[in-house]
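One-letter residues, chain by chain:
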Amino acid sequence: MHASTTLKLAAAGASLLLAGASGWSFSAWDAAGCDNSTAASTSIVVEGLGNEGCNPVPSPKGQQSLRGDIPAASACRINFYPAASCGGRVAFSLTRDSTDCFYIGDFLQPLAYYQVVDCA
C-alpha cells in the first residue's frame, strides 16, 4: 500500500469516528465583553466532545460574560445551573445559535455547574 493511500484511509477512519460526536466549548470572562484586551479580564475555557454529566464551572464567581462554540450542524446544548445537582430549572443555555457574547453579571447566583446534552 502506498503512503498516500494509507493517509487517505486514516483520514476516512478518523472522520467516521468523529461523525457521531460533536465537539463544543464555552468561555467565560470576569469582565463585561468577551475578550482579554484588558489586564483585569481573565477567561476560562471548557471544551469537550459529546454529552457530559453535571460538572463544576472553574472559577464561577465573578464571571461577567459568556460565549459558546457549538458546531452549526450540532444539536448540542450546554445548560448552566446554580446548584450542584444540575436539577430543577436551567438558569442559562448555549446552543449552536448562541455565538454572541452574553452578559451574565446580573444573575443573582453564579452559573456554577454545567451539563452538556443532545450531542450524541
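Residues numbered from 1 in each chain as written. Predicted model: local features only at pLDDT ≥ 70, side-chain atom pairs only at ≥ 80, totals over all residues. Heavy atoms only, no water.

> A description of the sheet that holds strand 1 (residues 23–29) should follow, citing residues and the corresponding values.
Taken in spatial order, the four strands of this open sheet run 2-1-4-7, and their pairing is antiparallel. The open sheet has two edge strands, strand 2 (43–49) and strand 7 (102–103), and neither has a second partner. Both strand 1 and strand 2 contribute to a ladder of seven bridges, which runs antiparallel. Paired with Ser27 across the two strands is Val45, which belongs to strand 2. (Pairing = 2+ DSSP bridges. Helix = DSSP H or I, 4+ residues; strand = E, 2+ residues; numbered from the N terminus.)

> Describe in detail the sheet that holds strand 3 (residues 52–56), supporting the description with residues and values.
Ordered in space as 3-8-5-6, the four strands form an open sheet in which the pairing is antiparallel. Lying at the two open borders of the sheet, with one neighbouring strand each, are strand 3 and strand 6 (92–94). When strand polarity is set aside, the average angle formed by the axes of neighbouring strands in this sheet is 20°. (Axes fitted to C-alpha atoms, helices over the stretch in contact; angles between N-to-C directions.)

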